[in-house]
Amino acid sequence: MAPRGGRPGSGDRPCGRACSDKARVGLCVGLAVAVGAVALAALLWHHRSPPALPTPAAYAWNGRGTTPHFPQIVLGRCYSYTQILRPELRDRDCRKIEAAFRNAFLAKNPCHVTEQDYEPLIKLVNQTVACDKTLFWSKTKELVHLYTGVQTDFLTLEDTLLGHLADGLNWCGDADSSEMNYHSCPLWKRDCRANAVSIFWNVASRRFAEDACGTVHVMLNGSISNPFDKNSTFGRVEIFNLQPARVHTLQAWVVHDIGGVSRDSCSSPSINDLRSIINKRNITFVCQDNYRPVNFLQCVKSSEHSVCRSKM
């Protein structure tokens, strides 16, 4: 009769106690080998080479990361601008424009992006601003865009297609990735002054100034000390790229907060510095305090103030 466990296979023979002793020895040897293997693996793990650290560019910046949905925002802004706000530009290829914007900074160290990287984008969004209608600003962003919202023939940089695409957004890539860095981007004051965003605004501001013609205008904040700041984009980029052969006059509007402190005016030292720079460039300088059409816009928000009642 076959054993209870089934018929032994070919070559199997029952061996009794001797076979049992051999099995125990084999089991002990197997366990010893297994324990030794585990111990060796633990030793090798302990003395392994440290893992490669992630590149610092990926997460180490001090500024906020790329604006969420950046590509979609840029594409949507392009379509709304070219199809609704400025339909004379409806022939612009917004998909190519959005791709050129992305390609300017993707797969690059954000502190090494250059003006040349943005040239393909600049060529795609080229736009002419009528003579006498260029409006610069410094520390008056909200008010100046209230003004251009009403006087739509005047354009600031942010009112052009190029500026409209990027206004209020943040962006950067990473040299070791083809993706946008949504975690962090360089902070201008703490990481690098020449980063993907600052380089963009420098080149955009330079082109905007170079293309200006006739009388150009600037709105400055007279409620702060030194309304003309030599370190601002207007003070270090735009005024030095005005072309005297094309621009004959700079008209400055120094505006003050309704009911606020009037710290500076057209006769202040900082405005005189601006006057000197402009005159040396053979451009006429004209200044006006509290330009009346701008005051009316200010009074829309402060209609009950005595200053506004007297102007009505």
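What you see is a predicted model; the values in this text were computed from it and never measured.

For this particular structure, what's the right way to read helix α9 (residues 269-280)?
Because the α-helix completes a turn every 3.6 residues, residues three or four places apart line up on one side. Here α9 contains twelve residues, and its C-alpha end-to-end distance of 17 Å stays within 8% of the 16 Å for a straight helix at 1.5 Å per residue. Considered for burial, the residues of α9 that qualify are Ser-270, Ile-271, Leu-274, Ile-277 and Ile-278. Buried residues of α9 fall within an arc of 120° about the axis and therefore sit on the same side. The outward face of α9, more than 90 degrees from its buried face, is lined by the exposed residues Pro-269 and Lys-280.

What should I look at first to understand the packing of aromatic side chains in this one?
Geometry of an aromatic ring pair is reported as the spacing of the ring centres plus the angle between the planes. Under the definition given, this model contains 19 aromatic pairs. Between Tyr-147 and Phe-154, the aromatic rings sit 5.7 Å apart at their centres with planes inclined by 55°, giving tilted as the arrangement. Residue classification places Tyr-147 among the buried residues on the basis of a relative accessible area of 3%. Assessed through its relative accessible area of 9%, Phe-154 is described here as buried. Relative to Trp-201, the ring of Phe-200 has its centre 5.0 Å away and its plane inclined at 85°; by these criteria the two rings are edge-to-face. Considered together, Phe-200 and Trp-201 belong to a single accessibility category, that of buried residues. Through pairs of rings, three or more aromatic residues link up here, namely Phe-70, Phe-101, Phe-105, Tyr-118, Trp-171, Phe-200 and Trp-201. One cation-aromatic arrangement involves Arg-193 over Trp-188; the distance from NZ or CZ to the ring centre is 4.2 Å.

Would you take a moment to explain the layout of surface pockets for this structure?
With a probe scaled to a water molecule rolled over the atoms, the places where space remains empty come into view. Put simply, the largest pocket is a space of about 940 Å³. Of all elements in the fold, only β1 (63-64), β2 (135-138), α7 (196-210) and α8 (233-238) reach the threshold of two or more residues within the lining of the largest pocket. Looking at the lining of the largest pocket, its residues break down into 17 nonpolar, eleven polar and eight charged. Here the second largest pocket defines a volume of roughly 270 Å³. If you trace the second largest pocket, you find 14 residues lining it, with Glu-142, Leu-143, Leu-146, Asp-257 and Gln-298 closest to the centre. Elements with a minimum of two residues in the lining of the second largest pocket: α5 (141-150) and α10 (292-301). Among the elements that take part in the lining of the second largest pocket, α5 stands out by supplying four residues, more than any other. Here the residues of the lining of the second largest pocket sort into five nonpolar, four polar and five charged.

Just to check I follow, could you spell out unusual backbone geometry for this structure?
Leaving glycine aside, a negative phi is the common case for residues, and trans is the common case for peptide bonds. Unusually for a residue other than glycine, Asp-132 sits at a positive phi of about 75°. Assignment of secondary structure puts Asp-132 in the loop between α4 (119-124) and β2. Although it is not a glycine, Asn-282 adopts a positive phi angle of roughly 60°. Examined against the element boundaries, Asn-282 turns out to sit in the loop between α9 and β6 (284-289).

How do you make sense of the pattern of salt bridges when you look at a structure like this?
Oppositely charged side chains can form a pair if their charged atoms are brought close together. Applying the stated criterion across every chain, the model contains nine salt bridges. The partner of Glu-119 in a salt bridge is Arg-207, with the nearest N and O atoms 2.9 Å apart. Here Glu-119, found in helix α4, pairs with Arg-207, found in helix α7; they are 88 residues apart in sequence, far enough to count as distant. You can call Arg-207 partly exposed: its relative accessible area is 26%. Across the salt bridge formed by Lys-141 and Asp-167, the nearest N and O atoms sit 2.8 Å from each other. Pair noted here: Lys-141 is in helix α5 and Asp-167 is in the loop between α6 (161-166) and β3 (184-185), with a separation of 26 residues, a long-range link. In this structure, a network of salt bridges that share partners links the residues Glu-115, Arg-206 and Glu-210.

What exactly am I supposed to notice about the side chain of Thr-156 here?
Take Thr-156: it is sitting in the loop between α5 and α6. Within the local environment of Thr-156, its side chain forms a polar contact with the side chain of His-145, the two groups lying 2.9 Å apart. In this view, Thr-156 contacts Leu-135, Trp-137, Val-144, His-145, Thr-148 and Phe-208; residues no more than four positions away in its chain are not counted.

Quick question: what am I supposed to make of the sheet that holds β2 here?
Read from one edge of the open sheet, four strands run β2-β4-β5-β6, paired in parallel fashion. Looking along the sheet, the strands with just one partner apiece sit at the ends: β2 and β6. Neighbouring strand axes in the sheet, compared pairwise and without regard to direction, differ in orientation by 20° on average. Taken together, the eight bridges between strand β4 (residues 214-221) and strand β5 (residues 247-255) define a ladder with parallel strand orientation. What sits directly across from Val-216, in β5, is Leu-250. Together, β4, β5 and β6 form the strand contacts of α9, whose direction differs from that of β6 by roughly 155°.

Conventions used here
Residues numbered from 1 in each chain as written. Predicted model: local features only at pLDDT ≥ 70, side-chain atom pairs only at ≥ 80, totals over all residues. Heavy atoms only, no water. Helix = DSSP H or I, 4+ residues; strand = E, 2+ residues; numbered from the N terminus. Expected span 1.5 Å × (residues − 1). Buried < 20%, exposed > 50% of the residue type's maximum accessible area, 1.4 Å probe, protein only. Arc of directions from axis to C-beta. Phe/Tyr/Trp six-rings, centres within 6.5 Å; stacked < 30°, edge-to-face > 60°. Lys NZ or Arg CZ within 6 Å of the ring centre and 35° of its normal. 1 Å grid on protein atoms, 1.4 Å probe; cavity = no way out; pocket = protein on both sides within 12 Å on 5 of 7 lines; lining within 4 Å. Points joined across faces, edges and corners; volume = space filled by probe spheres on them. Nonpolar A, V, L, I, M, F, W, Y, C, P; charged D, E, K, R; others polar. Salt bridge = Lys/Arg side-chain N within 4 Å of Asp/Glu carboxyl O. Polar contact = N/O pair within 3.5 Å; in protein donor to acceptor, adjacent residues only side chain to side chain. Contact = heavy atoms within 4.5 Å. Pairing = 2+ DSSP bridges. Axes fitted to C-alpha atoms, helices over the stretch in contact; angles between N-to-C directions.

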